[in-house]
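Summary of structural features
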Amino acid sequence: MAKSDSFLNELYNEDLSGVAYKNLQLKKSILSWFANQGNTTIADLSKMLNISSPKIAELINELINAGLVKDFGKTESTVGRRPNLYGLEANSLFFLGVEVKNNHINIGLLNFQKELVRFQEQIPFELSNTAASLDELCTLINHFTKELKGTARKISGLCVNLSGRINYKTGYSYSYFHFNDEPLTKILERRLGIKTYIENDSRSMAYGEFCSGIVQDEKDVIFINADYGIALGVMINGELYYGKSGFAGEFGHIPFFDNEILCHCGKKGCLETETSGQALIREFKRRLENGATSVVTRKVPDIRQITLADILEAANQDDTLAIELIADIGEKLGKGVAILINLYNPELIILGGALSATGESIFLPLRSAINKYSLSLVNNDTRYKLSQLGKKAGVIGASLLARNKLFDI
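Figured I'd write up the structure that's included with this text. (Residues numbered from 1 in each chain as written. Predicted model: local features only at pLDDT ≥ 70, side-chain atom pairs only at ≥ 80, totals over all residues. Heavy atoms only, no water.)

1. What about the overall build of the protein?
Put simply, the test is: Every helix listed is a DSSP run of H or I at least four residues long, and every strand listed is a run of E at least two residues long, numbered separately from the N terminus. C-alpha atoms define the radius of gyration, and 2.2 Å times the number of residues to the power 0.38 defines the globule rule. Buried, partly exposed and exposed residues are distinguished by accessible area as a fraction of the type maximum, computed with a 1.4 Å probe on protein chains only: under 20%, between the cut-offs, and over 50%, respectively. Throughout, a contact is declared for two residues whenever any of their heavy atoms are within 4.5 Å. Think of it this way: Lys and Arg go in the positive column, Asp and Glu in the negative one, and His and the chain ends go nowhere. Just so you know, the charge point we use is NZ for Lys, CZ for Arg, CG for Asp and CD for Glu.
Within the protein, the secondary structure is distributed over 15 helices and 14 strands. In terms of overall dimensions, the protein is globule-like: its C-alpha atoms have a radius of gyration of 23 Å, near the 22 Å expected for 409 residues. Each principal axis of the C-alpha distribution contributes one length, and for the protein these read about 75 × 50 × 40 Å. Expressed as a percentage of the 409 residues in the protein, the buried residues total 53%. When contacts within the protein are restricted to residue pairs at least 6 apart in sequence, those whose partners lie at least 24 apart make up 62%. Distance from the positive charge centre (45 side chains) to the negative charge centre (47 side chains) of the protein: 4 Å.

And the structure:
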């Protein structure tokens, strides 16, 4: 049994009361401080948490014995007696983040110190709302954890990212794998043997960028996930915004266009019918069928087999057709983002997702449209950046959410 197991058992013990319960909450506060502020001394913890130094020392020793906290030795101070620095034991606990895409998954393993120690991307997988697809997802996750060998028993939390409507509080998914009465989280926990959470993919990506990516001091941030669909992750005052039922961020389903294109949500004219990866694939194939040329057909002669990855690769090779269509998407998307800026007046807009990999091809027309359609007084203070974490944003964000939810930090 790992040293941390006794603490985890204590964490889930609903019968704790009195001194034991109070001590558990104090330990959580200490772990929270280390998680968010980094290594520090007993004196500083005592001051910041308003707890006596002897009590802090007692709790720190218990956390050290549990294997969760480490004594990093004396500080570098040259004035007076040098105190010891304490912080999280990096390899005491690990957290899994799983990002589910339409035709693959990405999996990442994060240690207690927020370091991504293992990352596997583009694992083939076909997402559908079927029992077979859910079975395959569980098989792939189990295979990943088995390869970790001894580390697997230290995995203390898992968060799975899915697109669409997710209620993270109840553990239900309403877009995929919603054919069972019990919460999806409970089904996954039973099959995987790990405490499990689910989250909307765009929110996880936003959280990853906020905690470990491009975000610096900004507190009000909008992350645009431009992928097969279009969605948002919104941070308000440094906190993820969920809305009443946990469904906030369905930006792609704003009725934006007067067209007859049927969205997968069942309605027509949604923003993502003309600004998403799906829209790009559809228009790219249509243009080829009408006589346009592209380097893509050298690699994929059968137009029906062309994928989003093929088109994005062509754009980064200066393919005229790909760049033209991506620029058109950037302009239309920018008009939609201008509405967000007028509504939210955010400090920072981050563009992520598969389409962001084309860089300035989509970013320049997007910013041009924002300047054209948003109020200048409102957008003057908004900064625009491309995702720094790229394909890792989702798994890092999911892992961090699992880490935070486990200890309420």
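Additional details are given in the paragraphs that follow.
2. Re the packing of helix H2 (residues 18–37) against helix H3 (residues 42–49)
Note the threshold: A fitted line through C-alpha atoms represents every axis, and for helices the fit uses only the stretch in contact; the resulting angles, taken between N-to-C directions, go from 0 to 180 degrees. Each angle receives one of four descriptions, namely roughly parallel if under 35 degrees, roughly antiparallel if over 145, roughly perpendicular if within 65 to 115, and oblique otherwise. Here a crossing is taken to be left-handed if its near helix is turned anticlockwise relative to the far helix by less than a right angle, and right-handed if that turn runs clockwise.
Two elements in contact, H2 and H3, have axes whose closest approach is 11 Å; the angle formed by their N-to-C orientations is 110 degrees. On the basis of their axis angle, the class for H2 and H3 is roughly perpendicular. The two elements H2 and H3 meet at a crossing, and its hand is right-handed. Packed against H2, whose contacting residues are Ser-29, Ile-30, Trp-33 and Phe-34, the element H3 presents Leu-45, Met-48 and Leu-49 at the interface.

3. Brief notes about the environment of Asp-44
Residue position: Asp-44 is located in helix H3. Expressed as a C-alpha distance, the spacing of Asp-44 and Met-235, which sit 191 residues apart in the sequence, is 29 Å.

4. Side note on the nonpolar core
Keep this limit in mind: Among buried residues, those of type Ala, Val, Leu, Ile, Met, Phe, Trp, Tyr and Cys that are joined through side-chain atoms within 4.5 Å constitute a nonpolar core.
Judged by nonpolar contacts, the single largest core of 40 residues is most densely connected at Leu-280, Phe-284 and Leu-333. Looking at this core, the elements with two or more residues in it are strand S10 (221–226), strand S11 (230–236), helix H9 (277–289), helix H11 (308–315), helix H12 (320–344), strand S13 (348–352) and helix H13 (360–373). For this core, the element with the most residues is H12, which contributes 9 residues. Not counting residues up to four positions away in its chain, the partners in contact with Leu-280 are Leu-308, Ile-311, Leu-312, Leu-325, Ile-326, Ile-329 and Leu-355. Counting 30 residues, the second largest nonpolar core, distinct from the first, contains Phe-94, Leu-109, Cys-138 and Leu-192.

5. Re unusual backbone geometry
Although it is not a glycine, Lys-149 sits at a positive phi angle of roughly 55 degrees. Tracing the backbone through its elements, the reader meets Lys-149 in the loop between helix H5 (131–147) and strand S6 (155–162). The backbone phi angle of Phe-177 is positive, close to 60 degrees, even though this residue is not glycine. Locating Phe-177 in the fold gives a position in the loop between strand S8 (172–173) and helix H6 (184–192). By relative accessible area, Phe-177 is classed as buried at 3%.

6. With respect to the sheet that holds S13
Note the cut-off: Should DSSP find at least two bridges between two strands, the strands are regarded as paired.
Ordered in space as S12-S11-S10-S13-S14, the 5 strands form an open sheet in which the pairing is mixed. Single-partner strands in this sheet number two, and they are strand S12 (239–240) and strand S14 (383–386). As judged from the 4 bridges shared by S13 and S14, these two strands associate in the parallel manner. In the strand pairing of S14, Leu-351 is matched with Leu-386. Running over the sheet, H12 touches S10, S11, S13 and S14 and is turned about 160 degrees from S10.

Purely geometric numbers; function is a separate question.
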